[in-house]
Amino acid sequence: MKSFNYHAPKDVKDASKLASSSSAFLAGGMTTIPSMKLGLASYKDVIDIKNIKKLSGIKVSGKTVTVGATTKHVEVAESKDVKKAIPALAKLAGNIGDAQVRNRGTIGGSISNNDPSACYPSACMALNAVIHTNKRKIEAEKFFTGMFETALKSGELVEAVEFEIPEKADYQKHPNPASRYAIIGVFVAKHKKDVNVAVTGAKSCVYIDKDLSKKLSSNFSLSAIEGAEVKSSGMNSDMHASAEYRANLVSLYAKKAVEAC
Amino acid sequence: MTKITLEVNGKKVSKEVPDHTLLSVFLRDNLNLTGTHVGCDTSQCGACVVHVNGKSIKSCSTLAADVEGSKVTTIEGLAKDGKLHPMQAAFKKTHGLQCGYCTPGMVMSAVDLLQTKKNPSDQEIREWLEGNICRCTGYQNIVAAVKEAATKM
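Residues numbered from 1 in each chain as written. Chains lettered and ligands numbered in written order. Predicted model: local features only at pLDDT ≥ 70, side-chain atom pairs only at ≥ 80, totals over all residues.

Let us look at the overall build of chain B. Along its length, chain B carries five helices and five strands. Secondary structure elements of chain B, listed N to C terminal, follow the sequence β-β-α-β-β-β-α-α-α-α. Computed over the C-alpha atoms, the radius of gyration of chain B is 15 Å, within 12% of the 15 Å expected from 2.2 N^0.38 for a compact globule of 153 residues. Taking the principal axes of the C-alpha coordinates as reference, chain B spans close to 45 × 35 × 25 Å. Looking at the 153 residues of chain B, the share that counts as buried comes to 46%. Taking the contacts inside chain B whose residues are at least 6 apart along the sequence as the reference set, 59% of them involve residues at least 24 apart. (Helix = DSSP H or I, 4+ residues; strand = E, 2+ residues; numbered from the N terminus. Rg over C-alpha atoms; globule rule 2.2 N^0.38 Å. Buried ≥ 20, exposed ≤ 12 C-beta atoms within 10 Å, placed from the backbone. Contact = placed C-beta atoms within 7 Å.)

Written out as structure tokens, the structure reads:
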């Protein structure tokens, strides 16, 4: 790993002052550090944000659950408040990576990295999340812009993620057996007015399957999507799964999620 | 360079190291605690698992500077007064290892499991150990070891 200067500021202002075009914010480090070790990324300054107290914690209000950026997966998975308000979100967090990854990895890190196979982006999309940064608020749909790409500007830091509490929701994942990343992950959320079916792992970036969402919005039942065709065009094809297999998994896991709701 | 002060296996240690020093490197190269292994170097194999403030983490994906001031327990810190920790004894008894390379990580990870779950099922043990890869045993005897240790811890 190439050398860098390590900083651990105590507040967001100091953290953003340190940021530059050759810096990275460090939260759990579960992607950042392996990427640096493999030589895929290198930085002059690594700015550890875990000492900024206000970035960690879970708050539940009447309609939303807000999770601080440096809140660890294990904390979301075990939170009584999250389990009560959005059990599917706790379930999702409890199945990310492995126990040691969940002890370190954070929600802010996961969404800022926007790995096409990460679990959290699908929850953000399905639960109409609003991403709070040190500069503005961004709707999930506008936040995830492409493969490992987000709407974040240089020096902009995710502070919290605010999820809308749905009437019902479930997340179903077909994990890669080694990395536990989603080969396919489907997050189904039934809100008062409509239903969102968010898919991760299938394409270069998380997305809402509009057809499945529409069908379930007018009739939230298994029969509504029984014969629905999911097209494989634009889907990833690799040693783990072909595009056609992924398309079939999307259909299958959407049904599983509806059934589990 | 940065000064790292940790409590490792109950002993306070302080060393000046480059900022980018990984915890696994700090333990192995600076403290000579080579029981913590580095297997894959891509954060998947779990041979490098240690405890930081009681929780299991992968030391090859953690900066030493990041855990400044923490209490770290490595495999060397488990045995007390020359007597194996119940988890180590259970691995020995049930033949939960062959080449032994993954064993320090397996043991540290399994100890963390039993701290939170007293009597885990086979399924729970297997799920918990998803982050620890063994290429010899086929896992059967590792699961048996954790079950055996659960009766002693």
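Turning our eyes to something else, we now look at the domain arrangement of chain A. Under the domain assignment, chain A is made up of domain 1 (1–53) and domain 2 (168–260). When each unit is reduced to the centre of its C-alpha atoms, the spacing between domain 1 of chain A and domain 2 of chain A is 34 Å. (Domains from an automatic or database assignment.)

Turning our eyes to something else, we now look at the sheet that holds strand β4 (residues 58–60) of chain A. Residues and elements named next belong to chain A. Across the sheet, which stays open at both edges, the five strands sit in the order β4-β5-β10-β6-β7 with antiparallel pairing between neighbours. Either end of the sheet is taken by a strand with one partner, and the two such strands are β4 and β7 (137–139). The sheet shows a mean angle of 20 degrees between the axes of neighbouring strands, taken without regard to direction. Relative to strand β10 (residues 158–164), strand β6 (residues 130–133) is paired through four bridges, and the arrangement is antiparallel. Bridge pairing in β10 places isoleucine 131 opposite valine 161. (Pairing = 2+ DSSP bridges. Axes fitted to C-alpha atoms, helices over the stretch in contact; angles between N-to-C directions.)

To continue, consider the domain arrangement of chain B. Accessible area lost during the coming together of the parts is what is often quoted as the interface size. Residues and elements named next belong to chain B. Domain boundaries in chain B define domain 1 (2–77) and domain 2 (86–150). Summarising the inter-unit geometry, the C-alpha centres of domain 1 and domain 2 are found 21 Å apart. Residue-level contacts link 16 residues of domain 1 with twelve residues of domain 2. Every element with two or more residues in the side of domain 1 that touches domain 2 is listed here: β3 (49–52) and β4 (55–58). Examining the composition of the side of domain 1 that touches domain 2, we find that three residues originate from one element, β3, more than from any other. Grouping the constituent residues of the side of domain 1 that touches domain 2 by class yields six nonpolar, nine polar and one charged. (Nonpolar A, V, L, I, M, F, W, Y, C, P; charged D, E, K, R; others polar.)

For the rest of this paragraph, the subject is unusual backbone geometry. All names here are of chain B. Look at asparagine 9: it is not a glycine, yet its phi comes out positive at around 50 degrees. Tracing the chain through its elements places asparagine 9 in the loop between β1 (2–8) and β2 (11–17). The residue asparagine 53 is not glycine, and still its phi comes out positive at about 50 degrees. For asparagine 53, the position within the fold is in the loop between β3 and β4. Judged by C-beta crowding, with 12 C-beta atoms within 10 Å, asparagine 53 ranks as exposed.

Attention now moves to the pairing of β3 of chain B. Residues and elements named next belong to chain B. In this structure, β3 lies alongside β4, joined through four bridges in antiparallel fashion. Among the inter-strand pairings, histidine 51 is bridged to a residue of β4, identified as serine 56. Counting the residues in the hairpin turn of β3 and β4 gives two residues, including asparagine 53, whose phi is positive at 50 degrees. Direction of pairing for β3 relative to strand β5 (residues 71–73): antiparallel, over a ladder of two bridges. Opposite histidine 51, over in β5, you have threonine 73 as the bridge partner.

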